[in-house]
Amino acid sequence: MARFAFLLPLGLGLLLSSATLPTPPASRYQLTMRLNGGAIVTDSIGSRFTASSGAGKVLTLSIVRADFPDDVGLSILVDEFKPQPGVYRFKEILSGHVREAYYRADDVTAESKACGVNDGEVRITAVDTKAHTLTGTYRAVLCQTNSSRAKAKRLTLEGNFHFPYEVR
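Worth saying up front: this structure is predicted, and the values here are computed from it rather than measured. (Residues numbered from 1 in each chain as written. Predicted model: local features only at pLDDT ≥ 70, side-chain atom pairs only at ≥ 80, totals over all residues. Heavy atoms only, no water.)

## Brief notes about the nonpolar core
- Of all hydrophobic cores here, the largest spans 29 residues; its most connected members are Phe49, Leu74, Ile76, Val122 and Phe161.
- Elements that contribute at least two residues to this core include exactly β4 (48-51), β5 (58-63), β6 (73-79), β8 (99-105), β10 (120-128), β11 (133-144) and β12 (154-164).
- Among residues more than four places away in sequence, those in contact with Phe161 are Gln30, Leu31, Phe49, Leu61, Val122, Arg123, Ile124, Leu134, Thr135, Gly136, Thr137 and Tyr138. (Core = buried A, V, L, I, M, F, W, Y, C linked by side-chain atoms within 4.5 Å. Buried < 20%, exposed > 50% of the residue type's maximum accessible area, 1.4 Å probe, protein only. Helix = DSSP H or I, 4+ residues; strand = E, 2+ residues; numbered from the N terminus. Contact = heavy atoms within 4.5 Å.)

## Thoughts on the layout of surface pockets
- Roughly 150 Å³ of volume is contained in the largest pocket.
- Class assignment of the residues belonging to the lining of the largest pocket gives a composition of four nonpolar, two polar and three charged. (1 Å grid on protein atoms, 1.4 Å probe; cavity = no way out; pocket = protein on both sides within 12 Å on 5 of 7 lines; lining within 4 Å. Points joined across faces, edges and corners; volume = space filled by probe spheres on them. Nonpolar A, V, L, I, M, F, W, Y, C, P; charged D, E, K, R; others polar.)

## Focus on the pairing of β11
- Among the 12 residues that make up β11, nine are buried, leaving the element largely enclosed by the rest of the structure.
- By the bridge criterion, two bridges tie strand β9 (residues 108-111) to β11 in an arrangement that is antiparallel. Within β11, the residue paired with Glu111 across the bridge is Cys143.
- Where β10 and β11 come together, eight bridges link them in antiparallel fashion. Residue pairing for β11: Asp128 is matched across the bridge by Thr133.
- Counting the residues between successive antiparallel strands, the hairpin from β10 to β11 contains four residues, one of them, His132, with a positive phi of roughly 55°.
- In the sheet, β11 pairs with β12 via 11 bridges, with the strands oriented antiparallel. Looking across to β12, one finds that Thr135 is bridged to His162. (Pairing = 2+ DSSP bridges.)

See the structure below:
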């Protein structure tokens, strides 16, 4: 037995070198935001996607900025959500659908309904109902509501996501 003791470190080295370390779960998800074309870092821990259950399901995307984690950030509401790929356009509000967005970060408050045209969309490209993840893009055009009309800014918030959602 002592004759083969020199092989023990070699065998342990081979065993340890073949072991793989698991990837952290957060690296599986992606959530981006651009404000008028400029990148904004999001807070993936504070951000939430939820879908209500039952008839008239509502999907809510709540995307929090990392630099203003205590503010609402961007919230998008889409009713008549079906957990399948599809496009939900804000302009359909005239048909009775509630599809709107609002934004609050630092000293800026804006709403999609404050603009002349309620322009924007949420595009779902993939749904994993077992892992409860949504993949897609969003685009919302909002008009600032906390300043005079002459000084109000038009904001375009857009991004993409591969993010978990909760069913409530």
